[in-house]
There are 2 protein chains.
Amino acid sequence: MSAADLMAVLVAKYLRYDFDNPDDLRNDKLVFSKGHASTLLYAIFRAAGAIDDEELLTYRQHGSRLEGHPTPVIPWVDVATGSLGQGLPIGVGMALGAKYLDKAPTRVWVLHGDSEMAEGSVWEAYEHAAHYELDNLIAVLDVNRLGQRGETMVGWNLDVYKARAEAFGWHAIEVDGHDVEAIDGAYAEAISTAGRPTVVIAKTIKGSGVSAVADKPGFHGKALDDADAAIAELGGVRNLHIDVAKPEGPAPELPAADGSLELPTWEVGDEVATRLAYGEALKAVGAADGRVVGLDGEVSNSTYAEIFAKAFPERYFEMFIAEQQLVAAAVGLQTRGWKPFASTFAAFFSRAYDFIRMAAISRANLRLAGSHAGVSIGEDGPSQMALEDMAALRAVDSSAVLHPCDANQTAQLVAQMAEREGISYLRTLRPATPVLYGADEDFPIGGSKVPRSSDDDEVAIVAAGITVHEALKAADALAAEGVNARVIDAYSVKPIDVETLRDAAEATGGRVVTVEDHWPEGGLGEAVLIAFADAEERPRVKVLAVTGMPHSGKPAELLAAAGIDADHIAQAARELVGAAVRA
Amino acid sequence: MSAADLMAVLVAKYLRYDFDNPDDLRNDKLVFSKGHASTLLYAIFRAAGAIDDEELLTYRQHGSRLEGHPTPVIPWVDVATGSLGQGLPIGVGMALGAKYLDKAPTRVWVLHGDSEMAEGSVWEAYEHAAHYELDNLIAVLDVNRLGQRGETMVGWNLDVYKARAEAFGWHAIEVDGHDVEAIDGAYAEAISTAGRPTVVIAKTIKGSGVSAVADKPGFHGKALDDADAAIAELGGVRNLHIDVAKPEGPAPELPAADGSLELPTWEVGDEVATRLAYGEALKAVGAADGRVVGLDGEVSNSTYAEIFAKAFPERYFEMFIAEQQLVAAAVGLQTRGWKPFASTFAAFFSRAYDFIRMAAISRANLRLAGSHAGVSIGEDGPSQMALEDMAALRAVDSSAVLHPCDANQTAQLVAQMAEREGISYLRTLRPATPVLYGADEDFPIGGSKVPRSSDDDEVAIVAAGITVHEALKAADALAAEGVNARVIDAYSVKPIDVETLRDAAEATGGRVVTVEDHWPEGGLGEAVLIAFADAEERPRVKVLAVTGMPHSGKPAELLAAAGIDADHIAQAARELVGAAVRA
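Just so it is clear, the structure is predicted and the values come from calculations on it, not from any experiment.

**Student:** What is the right way to look at helix H18 (residues 524-532) of chain B in this model?
**Tutor:** Note that an α-helix has 3.6 residues per turn; residues three or four places apart therefore point the same way. For H18(B), the buried fraction is high: eight of the nine residues fall into the buried class. Regarding H18(B), the residues found buried are Leu524(B), Gly525(B), Glu526(B), Ala527(B), Val528(B), Leu529(B), Ala531(B) and Phe532(B).

This is the structure we're talking about:
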């Protein structure tokens, strides 16, 4: 109710949206960053004729698309909200796409609440929106002063919000959020402001219009005690219908893949970091598909996103050290059909984990590339080492977790990521590693490679990334002792190649070592275990993973200290081969 | 080199620190939020006589405590840095503790870099520091304008930082960061500023003093090509020694536990939400131990942290909707011996995952309580449901992951969390659940309960939280069919009770169902699987977990739709009992 007047003026006069064609690129975007105001959003859909009363009354019922917080199950909702402080950074991505890429006349309207102004991600968005001069982005700030539990830090001091917004480079307008003439004037000013985004800072009353709850704490997310009295006080039952204006002008078209994809290739035996292969492959994929967009968090000279950035500066956005905005911008861009790849150190995607979680609920097609995985980074120490990223990214609906060990493999996986729906995560390495596979080999998502096998393998070693190379060294050592070890390169950690794993367990009499540069929880080892959980034949599995907090050191020293180098692998294999193994 | 003059003036004249007694509460705190400036920090330690040249030369070598980024392996370092934008929010926690709790004369000095000003967490810290009037907090902002890859969004426009800081309620001073007189004046002004924090915004030159690199891009994190020339240009080899002033005045003492702990109790059969039990238990623990501090992210009426807040308002800090600051404040508080419990919805700890990851590297003793776990929350929808939290928190070094199903169990776990070192995570439920256990039973971390068993159990069901109640219903249904099922309540998901699991597998002929209100990856099911991975006898395990994106609905509808209700459990058990089960 606090934002009802603000939204009424917006949809009646300013919003340009074709409810029959929600995918029209010319449409404005309306993002309810305060997703708990879903009743207002659904009331707008009802007023616009998009849904009827009957559907409106299914609110929050199982099977209804009108969920407690909006999700893209509804065709007129682009992204899920409900974790606060995400709508504006995602709006930045939408506005970047419209202003710089597809050049549609889209305006992005974000309704955000005052409670969520405490989220740092909001200020990442304010800074980036101004930096990129997003005058097609308009935030409507509903300052009803009351959060779920009590008053915000700022209360109704609208001047504070204005000073902050201006210090971050925005145009800011203060307004009485229940004065429709004033709101109209503010929106008119906002859409005529060039070169910077505008925020309409509206003083509002929570529960406005219903005296039983207006400006009173304790009614957050609660139904009214006396709905009939409230309706009467609001002027009785009305059947408002609003004709929302449709967008006009020529419809922009997105580029299409031109079929010319030529991935970079490397010779077997070359020493190439998979992060470098990522950069080269992204450039190649971007050359063949004009929808590919690059974003990076101020480490493009480490992730090698800079190779793409130099080739296609018009399709690259620097997101600086703001990983929440980095991921949110990618989410926003993909709502317009672009194919963003976002990169930073793998460890720093943990900064944006809530955004990745919400991106899954948004049914987003998101490509993430995290470099500098694990202890193999060496001297920089544990703060820079991703050791939990596979656990975190596996536990995301729709995700793929890809961890290549060589350059040709990396390149093919990048190409597949561009075509894949859902959330795809690529984990790359800092150090150079030898190229194991020819460029003509296939590396499908969901597959694996078996770089070492024989007819009489006694143990299988399942590895990914840096540990594939350690596993091969271990296999050499074991072979010298007369023990044949099969090595499985599980570059697709999710989905994992169950069939190859089961074949290996069968062939080796149920002896499996897994080894990963990651904590033991939630990574490769557990991915292998769950693949066998319900199988009739279940191997004995020694899970080698990083135990104990790593320190600085040389990669080889750290792999040894973590218990995941060739020596430790060989020893685990010896123990299995010596043991009675069948359960 | 950009911050060397700033730090030289600080340690020579302003810092009060006893290197022989780093745990003295009166000491100032010096946090290098730009952890990549570790060489400068270690040079300070050398100048202060805390380390010698020989140790300094072990920098970044394996076995040295002088890691690439500072960690608390060094006694004079309180928290690990290296993930940018964390030092200031942690400093807020330190300053809160000093100003409001132990009332030590500590000043908290945070050196932060300009690149990290793009991190939203920094602005969470600016807002909270001003809100809590932390005049014992002084930020030193090293504006060298160059990030790893290029210039920041703000460059050398110091006025922009000043306007932002002032809009967030800080006192701000601009200064030439290489003019020691000016720096001196700025610090003097900072320490005499009352009622609000101060930031000294210093214009600096990256690589200052060495013309080969000064203000040039491309030298981030790189060794100098010609170190001898650089030393000569800097004035030759000197052996500076600085006598750092020691703190003075009476040493504050922290309260101790008084042995009076009386936990709340509930009767078997009562219906109580575990989140409510958390709030009641925290109040009891707080009554018995004056070091317990409560923090919450503006949802204390949902997490029930409000029960503690009302009982001990002087030991409660509202952190508003800013989960990064919430966790960071807890990290800061525990560096002073306080025992913070931080709570929010379990889903929203994903917002602070990088802070939790870094807290483990900081060897922090952190207590986190996440409510509203899983689909059992009901109508609010997936944005509010934690479904990845167990995977994320298991993959944290030193962590315990606790997921109680009843109120008495919850209370005892809260009491143990207060005493436990490392990172402890409690996962609580929204709906009320029946109390299963008497208040006199024990629930050790690392243990489990077996609420249902017999001498001829044919299948074991491993559950936690809401699914324990579903498992018991399933066991009833199975019993009616003549199948005895053992139910294991694995309230300690990490560490898990391996012995009880193995006994159950043995007793049931290797038939195990696991069931969790969480994605299949990284949660209870995989925790059970890895417990058996290398065992000689390995059960067949059916892992029931949430598959498919949940929607709004009633808890029972959602448990059924997710495939984790009593019916699904019973069916999985039937399939196992019907199957030939031994591998």
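Okay, back to it.
**Student:** Any chance you could explain the relation of the copies chain A and chain B here in plain terms?
**Tutor:** The operation relating the pair of chain copies consists of a rotation about an axis and a translation along that axis. Structural alignment of chain A on chain B gives an RMSD of 0.0 Å, achieved by rotating through 180° and translating 0.0 Å along the axis. As the rotation angle and translation indicate, the two copies are arranged about a two-fold axis. When you check the interface residues of chain A against chain B, 100% turn up at the interface there too, and the contact is symmetric in its surfaces.

**Student:** Just to check I follow, could you spell out the environment of Ala3(B) for this structure?
**Tutor:** All names here are of chain B. With respect to the helices and strands, the residue Ala3 is situated in the segment before helix H1 (4-14). Given a relative accessible area of 2%, Ala3 falls into the buried group. Each C-alpha atom of the pair Ala3 and Lys206 lies 8.3 Å from the other, and the pair is 203 residues apart in sequence.

**Student:** Got a minute to help me understand the nonpolar core in this structure?
**Tutor:** Soluble globular proteins: nonpolar side chains tend toward being buried together. By size, the foremost hydrophobic cluster in this structure holds 314 residues, and its most contacted members are Tyr126(A) and Tyr126(B). Ignoring any residue separated from it by four or fewer positions in sequence, one finds Tyr126(B) in contact with Leu88(B), His112(B), Met117(B), Ala139(B), Ala165(B), Phe168(B), Trp170(B) and Val199(B).

**Student:** Looking at this structure, how should I read the pattern of salt bridges?
**Tutor:** Should their charged atoms come close, side chains of opposite charge can pair. Overall, the coordinates contain 68 salt bridges over all chains when judged by the stated rule. Here Glu306(A) and Lys310(A) are joined by a salt bridge, their closest N and O atoms 4.0 Å apart. Pair noted here: Glu306(A) and Lys310(A) are both in helix H11 (residues 305-311), with a separation of four residues, about one helical turn. Across the salt bridge formed by Lys542(A) and Asp534(B), the nearest N and O atoms sit 2.9 Å from each other. With Lys542(A) in strand S19 (residues 540-544) and Asp534(B) in the loop between H18 and strand S19 (540-544), the pair connects residues from two separate chains. For Lys542(A), a relative accessible area of 14% corresponds to the buried category. Through salt bridges with shared partners, a single ionic network connects Glu119(A), Asp354(A), Arg357(A) and Arg351(B).

**Student:** Help me understand the sheet that holds strand S7 (residues 292-296) of chain A in this model?
**Tutor:** Note on sheets: strands pair through backbone hydrogen bonds, and any given pair is parallel or antiparallel. Residues and elements named next belong to chain A. Pairing within the open sheet is mixed, and its seven strands lie in the order S8-S7-S9-S10-S12-S11-S17. Each end of this open sheet is capped by a strand with a single partner; those strands are strand S8 (316-318) and strand S17 (492-494). Put simply, the sheet's adjacent strands are angled 20° from each other on average, direction ignored.

**Student:** Would you mind showing me how to read the interface of chain A and chain B here?
**Tutor:** A common measure of how large an interface is: the accessible area buried when the components associate. Residue-level contacts link 104 residues of chain A with 104 residues of chain B. Summed over both sides, the interface between chain A and chain B buries roughly 9000 Å², with carbon and sulfur atoms accounting for 51% of that surface. Counting across the chain A and chain B interface gives 20 salt bridges. Of the residues contributing to the side of chain A that touches chain B, the split by class is 43 nonpolar, 30 polar and 31 charged.

**Student:** Would you mind showing me how to read the sheet that holds strand S14 (residues 449-452) of chain B here?
**Tutor:** Residue and element names in this part refer to chain B. Spatially, the five strands line up as an open sheet ordered S14-S16-S15-S18-S19, and their pairing is mixed. The sheet is open, and its two borders are formed by S14 and S19, each paired with just one other strand. Each neighbouring strand pair of the sheet contributes to a mean axis angle of 25°, computed without reference to strand direction. As judged from the four bridges shared by strand S15 (residues 459-463) and strand S18 (residues 511-515), these two strands associate in the parallel manner. In the sheet register, Ala460 faces S18, and the bridge partner there is Val512. Most of the contacts of helix H17 (residues 498-507) go to strand S16 (residues 485-489), to which it runs at about 170°, and overall it touches S14, S15, S16 and S18. Sheet contacts for helix H20 (residues 566-578): S15, S18 and S19; angle to S18, the most-contacted strand, approximately 160°.

**Student:** Just to check I follow, could you spell out the pairing of strand S3 (residues 137-143) of chain B for this structure?
**Tutor:** When a strand is regular, its side chains alternate between the sheet's two faces. Residues and elements named next belong to chain B. The buried count for S3 comes to seven of seven residues, which makes it a mostly enclosed element. The two faces of S3 match: Leu137, Ala139, Leu141 and Val143 on one face and Ile138, Val140 and Asp142 on the other face are all buried. When strand S2 (residues 108-113) meets S3, the two strands line up parallel, connected through six bridges. Bridge assignment links Val108 to a residue of S3, and that residue is Leu137.

Cut-offs used in this document
- Sequence order as written defines residue numbering, which begins from 1 separately in each chain.
- Following the order in which they are written, the chains are lettered starting with A and the ligands numbered starting with 1.
- Whole-chain, interface and lining totals are the exception, using all residues; otherwise, since this is a predicted model, local features are given only for residues with pLDDT of at least 70 and side-chain atom pairs are given and counted only at 80 or more.
- Hydrogens are left out, water is left out, and the side-chain values use all remaining heavy atoms of the structure.
- The rule is simple: take the accessible area with a 1.4 Å probe, protein chains only, and divide by the maximum for that residue type; under 20% is buried, over 50% is exposed, in between is partly exposed.
- Secondary structure is summarised from DSSP: a helix means a run of H or I of at least four residues, a strand means a run of E of at least two, and numbering begins at the N terminus for each.
- In this comparison the copies share one frame, found by least squares on the C-alpha atoms of residues holding pLDDT of at least 70 in both.
- We call two residues in contact when some of their heavy atoms are within 4.5 Å.
- What is meant by a nonpolar core is a set of buried Ala, Val, Leu, Ile, Met, Phe, Trp, Tyr and Cys residues, joined one to another through side-chain atoms within 4.5 Å.
- Each reported salt bridge corresponds to a side-chain nitrogen of Lys or Arg within 4 Å of a carboxyl oxygen of Asp or Glu.
- In short, DSSP must find at least two bridges between two strands for them to pair.
- Fitting a line to C-alpha atoms yields each axis, with helices limited to the stretch in contact; the angle taken between N-to-C directions then spans 0 to 180 degrees.
- A 1.4 Å probe defines the accessible area here, and the buried area is the portion of it lost by two parts on being joined, summed over both.
- Asp, Glu, Lys and Arg are counted as charged, while Ala, Val, Leu, Ile, Met, Phe, Trp, Tyr, Cys and Pro are counted as nonpolar; the rest, among them Gly, fall into the polar class.

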